[in-house]
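One-letter residues, chain by chain:
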Amino acid sequence: MDTNKLLYWSPVFRWEIVDGCLKIELFNYGQQFSGLFPEFYFYTQKGILEEDLIEKMSYKNNPLIKKFIRDLIKRQILIYSPLEIQQLVHIQNYLFDNKYDEKIKYDAETLENFKEIQLTRNPVMEQKIMDEIKIPTNNFSHMIEKRKSVRVFDNETLMDKEKFFKIISILRERDAITHRYYYASAGGLYPIDVYVYIKENRIKEIPGGLYYYSPKLNCLQKIKKENVINEESQYFMNKDIFSHSAFSIYFIYDADVSMPKYGGMAYIYACIDTGIMVSLLTYIAEAEEVGSCSIGEMDYKKIKPLFPLTSNMSFLHSMEFGIKK
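Sequence order as written defines residue numbering, which begins from 1 separately in each chain. Given that this is a predicted model, residues contribute local features only at a pLDDT of at least 70 and side-chain atom pairs are listed and counted only at 80 or more, while totals for whole chains, interfaces and linings are drawn from all residues. With hydrogens and water set aside, each side-chain value is computed from the structure's full complement of heavy atoms.

Draft legend 1. Representation of the pairing of strand β2 (residues 15-18). In terms of strand pairing, β2 meets strand β3 (residues 21-24) through four bridges, oriented antiparallel. Residue pairing for β3: Glu16 is matched across the bridge by Lys23. Here, strands pair whenever DSSP counts at least two bridges between them. For the purposes of this entry, the term helix denotes a DSSP run of H or I that reaches at least four residues, the term strand denotes a run of E that reaches at least two, and both are numbered from the N terminus. Between β2 and β3, which pair antiparallel and follow one another directly, the connecting turn spans two residues, one of which, Asp19, has a positive phi of 50°.

Written out as structure tokens, the structure is:
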């Protein structure tokens, strides 16, 4: 960590004093540091250098304060760079008025009933409808009509490298002078870096490993050998999807690219950019008769060290691709 950077209290974490002990979410720091609060919180809420914080708390000659601060940094309770999107949205769990059964998360029947209610919702049903215009059902191209997420892949049939090249190259820069791509990006900045993990013996003539895809050069640059990522990076429901796919794509946001222009709103624009990229990849894959599946959530921290990230870069999303079974 750069000690010249300001430390901030992460808005994700709440603290309280319980029976004289300092509790920060699930972490209990006992009575030793409870006397630091609320002053410690107020200082870090505004942002403060570590040495100034130690000075203000009158703990200059107490070596335990540094250990306490470093532990808070390790747990990302104190932060000095933008939060990852998964952390940033965590606070919504406390704010959302959840009236629904917790079984939605793990019971298939409860989830299906919930989906049926939500997917047939009409937010204006209690309003007075002044007029209603019927729209004819249009037929779209076969590629669009048959598109669906694929969660079962054929891991014994090798994918033709030409299909893979067609899919990944849709993300390339198509005009080096105007820096135009095949998809839109807020401000034309394109802050999403793409990494591809190719499984060994899944794509003809392409060795397995972790690659950076350069849209400028339209090439794959290998940074890690094969077998560095496994299904342990996935939660239970997605382990088989990962194990049987031919390749995975990881979308990494670089805040240095767009936050100077858009500030905190750049996060939202980055998510929109990623959604556009996912949609484009999905349809190109379908055109090549390759299945695709967006992974809603994964245990990215298990593979994070494999990626050359700065403190201003964060994981947003991943996808799996493979031969349809």
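Draft legend 2. Structural detail: the sheet that holds strand β10 (residues 219-224). Read across the sheet, six strands follow the order β10-β9-β8-β11-β13-β12 without closing on themselves; strand pairing throughout is antiparallel. Only two strands of the sheet have a single neighbouring strand rather than two, namely β10 and β12 (290-295). When strand polarity is set aside, the average angle formed by the axes of neighbouring strands in this sheet is 30°. With seven bridges connecting them, strand β8 (residues 192-198) and strand β11 (residues 247-254) associate as antiparallel partners. Pairing of Tyr197 across the sheet is with Ser248, part of β11. The criterion used for residue contact is that any of the two residues' heavy atoms lie within 4.5 Å. Helix axes are fitted to C-alpha atoms over the stretch in contact, other axes to C-alpha atoms as well, and angles between N-to-C directions run from 0 to 180 degrees. Along the sheet, helix α8 (residues 161-168) contacts β8, β9 (209-214), β10, β11, β12 and β13 (313-323); its crossing angle with β8, the most-contacted strand, is approximately 165°.

Draft legend 3. Broad picture of the packing of helix α10 (residues 255-262) against helix α11 (residues 265-287). Here α10 crosses α11 at 130°, and the two axes come no closer than 8 Å. By the angle between their axes, α10 is oblique relative to α11. The crossing of α10 and α11 is right-handed. Two secondary-structure elements touch here, α10 through Ser258, Met259 and Tyr262 and α11 through Met265, Ala266, Tyr267 and Tyr269. The labels follow the angle: roughly parallel below 35 degrees, roughly antiparallel above 145, roughly perpendicular from 65 to 115, and oblique for the rest. Should the near helix be turned anticlockwise from the far one by less than a right angle, the crossing is termed left-handed; should it be turned clockwise, right-handed.

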